[in-house]
Amino acid sequence: LLVSLFILSACTSPDTVGLEVDPEYAISGDLIDTATIHTVTVREDSVITNNLSRYPLGYMADPIFGTTEANIALSLNVPEENLTFDASTVLDSAVLVLKYADFYGDSLNTAYNVNVHQLQLGLGSATYFNTNVFEYTSDLIGAKTINRVRLKDSVQVQDIIKGKADGSKKVAPQIRIPLSAAFVNASIIGAGPTNLASSSAFNAFIKGLYVTVNKQQTTGPGGVMYFDLSSEGASGLQLYYKTTSGTTIDTALRTFSISPG
C-alpha cells in the first residue's frame, strides 16, 4: 500500500514541460483577409482583316465589357468574263448568301436585323484593318430579320437545272438576304457589257456592298455571327432570272462570288 501511494504521488501534469517564452521575444502576427486589386483595360493593336478564315458580323452591348460591333465590306466578282444579259432577261430574285461558320453570344434570345447598303468607294487590292471606316449610301438595298441563329439547320433552296424542270435541294446553314430588284436590274443586269467584262471593271462600276446590323432593331443580349466567305461556292450573290429562246422560257442562275475587305 505504501509503494502504491508513492507511485501515484509521482504522476504530475505535463503542463510544466518546456521553458516559458519571454514576452519580449515572442513572435506575433496579424491576419489580413482583404486586398485591393486595380485593373485596367488596354486597347489591342489593329489587325489585318484581309483573307480571314471567318468574317464576323454582329452587335453586342455588354454592361461590363462595353460595345462590340462587326460589319462586312465586300466586293463581287463576275462569274465569267464578258458576261452579258440579253433583252429577254427577266429577274426573278437576287439573294446575298452568307454561309455560317460559327457564332458567339446568345443565339436563342437575340433578334437581329441585317441590312445591306452599297459602298461609295470600291475596295481595290489594299490592305484593310479592323479600324478602317467604310462609307456607304443611305439607300437600303437588302434586309433580313434573324430571330435565331441556326448553325446546324440546313436550308431548302431551289435547284436550277438548265433545260429541265427545276427541283429543290438542301444546302449548308446560311443567311439568305433578298436584295432590291430595282438595284439589281440597274446595277447588274443593266450594267452593260463594258462593266461586266471583268471583275475589276464590275467593281469599279458597282463599288461593292456593305453588310451591317441595325443596332436600334437588335433585341436581347446580342452576339457575333461568323461567316465563311472565302471557300469556293460557300457564299455569294445569287441571281435567279428567266430567259426566253423562241417559245422556250428557262430559269437560270448566276452566282457572283465574294471578295471581302
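Going by the structure above, here's the rest.
Just so it is clear, the model here is predicted, and its values are computed rather than measured.

**Structural notes on the overall build of the chain**
Then step 1. Secondary structure assignment for the chain yields three helices and 13 strands.
Then step 2. Since a compact globule built from 261 residues should have a radius of gyration of about 18 Å, the 34 Å found for the chain marks it as more spread out than a globular shape.
Then step 3. In terms of overall dimensions, the chain has a C-alpha envelope of 140 × 40 × 30 Å along the principal axes.
Then step 4. Burial status across the chain gives 35% buried among its 261 residues.
Then step 5. Counting contacts in the chain only where the partners sit at least 6 residues apart, residues at least 24 apart contribute 75% of the total.
Then step 6. With an accessible surface of roughly 16,800 Å², the chain has 52% of that area assigned to carbon and sulfur atoms.

**A word on the packing of aromatic side chains**
Then step 1. Scanning the model with the defined rule gives six aromatic pairs in all.
Then step 2. Taken together, a centroid distance of 5.5 Å and an interplanar angle of 45 degrees make the contact between Tyr 128 and Phe 134 tilted. An identical accessibility class is assigned to Tyr 128 and Phe 134; each is buried.
Then step 3. Measuring from centroid to centroid gives 6.4 Å for Phe 134 and Tyr 210, while their planes differ by 45 degrees, and the two rings are tilted. One end of the pair, Phe 134, is in the loop between β5 (112-118) and β6 (142-146); the other, Tyr 210, is in strand β10 (residues 209-213), and 76 residues separate them in sequence.
Then step 4. The exposure class assigned to Tyr 210 is buried, which follows from its relative accessible area of 9%.
Then step 5. Within the aromatic cluster, the residues linked to one another by ring pairs are Tyr 128, Phe 134, Tyr 136 and Tyr 210.
Then step 6. Between the NZ or CZ atom of Arg 54 and the centre of the ring of Tyr 226, over which it lies, the distance is 4.8 Å.

**With respect to the layout of surface pockets**
Then step 1. Empty space within the largest pocket amounts to approximately 960 Å³.
Then step 2. Surrounding the largest pocket, 30 residues form its lining, Thr 49, Glu 69, Ala 70, Asn 130 and Thr 131 being those nearest its centre.
Then step 3. For the lining of the largest pocket, the secondary-structure elements that each account for two or more residues are β1 (55-62), β2 (66-70), β3 (72-77) and β11 (222-228).
Then step 4. Tallying contributions element by element places β2 first for the lining of the largest pocket, with four residues.

**Section: helix α3 (residues 199-206)**
Then step 1. When α3 is considered as a whole, its buried residues turn out to be Phe 202, Asn 203 and Ile 206. Viewed end-on, α3 has its buried residues packed into an arc of 95 degrees, placing them on one side of the element.
Then step 2. Those residues of α3 that are buried lie in contact with β3, β5, α2 (181-189) and β13 (248-260).
Then step 3. Trailing α3 by a residue or two, Lys 207 shows a phi angle of about 75 degrees, which is positive.

**Considerations on the environment of Ile 189**
Then step 1. Mapped onto the secondary structure, Ile 189 falls in helix α2.
Then step 2. When the C-alpha atoms of Ile 189 and Gly 58 are compared, they prove to be 31 Å apart, with 131 residues separating the residues in sequence.

About the thresholds
- Residues numbered from 1 in each chain as written.
- Predicted model: local features only at pLDDT ≥ 70, side-chain atom pairs only at ≥ 80, totals over all residues.
- Heavy atoms only, no water.
- Helix = DSSP H or I, 4+ residues; strand = E, 2+ residues; numbered from the N terminus.
- Rg over C-alpha atoms; globule rule 2.2 N^0.38 Å.
- Buried < 20%, exposed > 50% of the residue type's maximum accessible area, 1.4 Å probe, protein only.
- Contact = heavy atoms within 4.5 Å.
- Areas by Shrake-Rupley, 256 points an atom, 1.4 Å probe, with all protein chains shown as cover.
- Phe/Tyr/Trp six-rings, centres within 6.5 Å; stacked < 30°, edge-to-face > 60°.
- Lys NZ or Arg CZ within 6 Å of the ring centre and 35° of its normal.
- 1 Å grid on protein atoms, 1.4 Å probe; cavity = no way out; pocket = protein on both sides within 12 Å on 5 of 7 lines; lining within 4 Å.
- Points joined across faces, edges and corners; volume = space filled by probe spheres on them.
- Arc of directions from axis to C-beta.

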